[in-house]
Amino acid sequence: MANEKFDILNPGKSPTRRGKAAAPAAAAEAEPSLGVMIRQERTRQGMTLDDLARLSGVSKGMLSQIEQSKTNPTVTVLLRIASGLRVEPTRLLPSQSAAPRVWRTIRANDERHLFPAARGCTIRTLSPLDLEKQIELYELELEPKAALISEPHFQGTEEILTVGHGRLEVRSGENRVELKKGDSVHYAADVPHRITNLGPGRASGVLLVWYRA
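Residues numbered from 1 in each chain as written. Predicted model: local features only at pLDDT ≥ 70, side-chain atom pairs only at ≥ 80, totals over all residues. Heavy atoms only, no water.

Asker: Explain helix 2 (residues 49-56) here, please?
Answerer: Since there are 3.6 residues in each turn of an α-helix, residues three or four apart along the chain are aligned in direction. Along helix 2, the positions that sit buried rather than exposed are L49, L52, A53 and S56. Down the axis of helix 2, the buried set is contained in an arc of 105 degrees. They therefore lie on one face. Among the structural elements, helix 1 (34-44), helix 3 (60-67) and helix 4 (75-85) are those in contact with the buried residues of helix 2. Looking one or two places after helix 2, you find G57, whose phi comes out positive at around 80 degrees. (Buried < 20%, exposed > 50% of the residue type's maximum accessible area, 1.4 Å probe, protein only. Helix = DSSP H or I, 4+ residues; strand = E, 2+ residues; numbered from the N terminus. Arc of directions from axis to C-beta. Contact = heavy atoms within 4.5 Å.)

Below, the structure is given as structure tokens:
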């Protein structure tokens with residue numbers, strides 16, 4: 001992750017009226033601090049301070065001080081925290097505009113998101129690559145009789161497959177199901193699993209990989 005300089009700004013003061021200082025903005029309207037943003041993201045992912053300390057290399061004590069807004073992290077420390085949380089650093093910064101906190105576009109012709117997964121099988125990532133090991137969304141295309149065979153993922157991982165075209169077979173452990181256009185299946189992906197094209201033509205689908213652990 002490249003080192004970048006981030007400007008961490010304090011919320012502006014309310015405008016004055018008739019020569020008198022305006023009352024402070026309501027707490028509900030105030031921008032959350034950097035520490036609050038970090039704590040919210042850590043909590044959202046179900047991480048403890050110990051977990052984040054281990055993943056980021058920033059001490060638990062320092063993280064606690066930052067989350068309580070008792071100290072501000074340097075850019076280097078912020079980058080390490082963001083890496084531990086597996087998010088872009090800008091996601092942890094208080095918003096200074098009405099722009100959405102998350103806004104990223106993946107174009108259909110972006111070859112960086114297109115990968116040959118196996119013989120006769122191509123996958124295209126529909127989710128940002130930095131979300132890997134949190135949640136992943138793929139578009140699958142399988143030639144006739146082609147299969148996407150996967151070893152067990154991390155414990156607790158689950159997948160949801162929706163068929164867009166053709167006929168697919170999904171196996172997860174001892175379970176097996178055949179799917180047609182519009183059908184979906186939710187299954188464990190922490191056991192051996194595979195997706196096979198059963199039809200005479202090309203089949204496609206959308207696959208969600210959810211790392212719950």
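Asker: Honestly, the sheet that holds strand 6 (residues 167-172) in this entry has me stumped. Any pointers?
Answerer: Strands in a sheet are paired, the pairing made by backbone hydrogen bonds, and the direction either parallel or antiparallel. Spatially, the four strands line up as an open sheet ordered 4-9-6-7, and their pairing is antiparallel. What marks the edges here is a single partner per strand, and that holds for strand 4 (147-150) and strand 7 (175-180). Averaged over neighbouring strand pairs, the angle between their axes works out to 10 degrees when direction is ignored. Here strand 6 pairs with strand 7 via six bridges, running antiparallel. Among the inter-strand pairings, R167 is bridged to a residue of strand 7, identified as K180. (Pairing = 2+ DSSP bridges. Axes fitted to C-alpha atoms, helices over the stretch in contact; angles between N-to-C directions.)

Asker: Please explain the nonpolar core as it appears in this structure.
Answerer: As a rule of thumb, soluble globular proteins bury nonpolar side chains together. With 19 residues, the main nonpolar core has L140, L161, L168, V170, Y187, I195 and L207 as its most contacted residues. Among the elements of the structure, strand 2 (121-125), strand 3 (135-142), strand 5 (157-165), strand 6, strand 8 (184-188) and strand 10 (203-211) are those that each provide at least two residues to this core. It is strand 10 that provides the largest number of residues to this core, a total of four residues. Once residues within four sequence positions are removed from consideration, I195 is found in contact with L140, L142, A146, A147, L148, L161, L168, E169, V170, Y187 and L207. Of all hydrophobic cores here, the second largest spans 17 residues; its members include I38, L52, A53 and V77. (Core = buried A, V, L, I, M, F, W, Y, C linked by side-chain atoms within 4.5 Å.)

Asker: Sorry if this is basic, but what is going on with unusual backbone geometry here?
Answerer: In this structure, S69 takes a positive phi of about 60 degrees despite not being glycine. Structurally, S69 can be placed in the loop between helix 3 and helix 4. The phi dihedral of K145 falls on the positive side, at around 70 degrees, and the residue is not glycine. Inspection of the secondary structure puts K145 in the loop between strand 3 and strand 4.

Asker: Mind showing me how you'd approach the environment of D183 here?
Answerer: The residue D183 is located in the loop between strand 7 and strand 8 in this model. With 20 residues separating them in the primary sequence, D183 and V163 have C-alpha atoms 5.7 Å apart.

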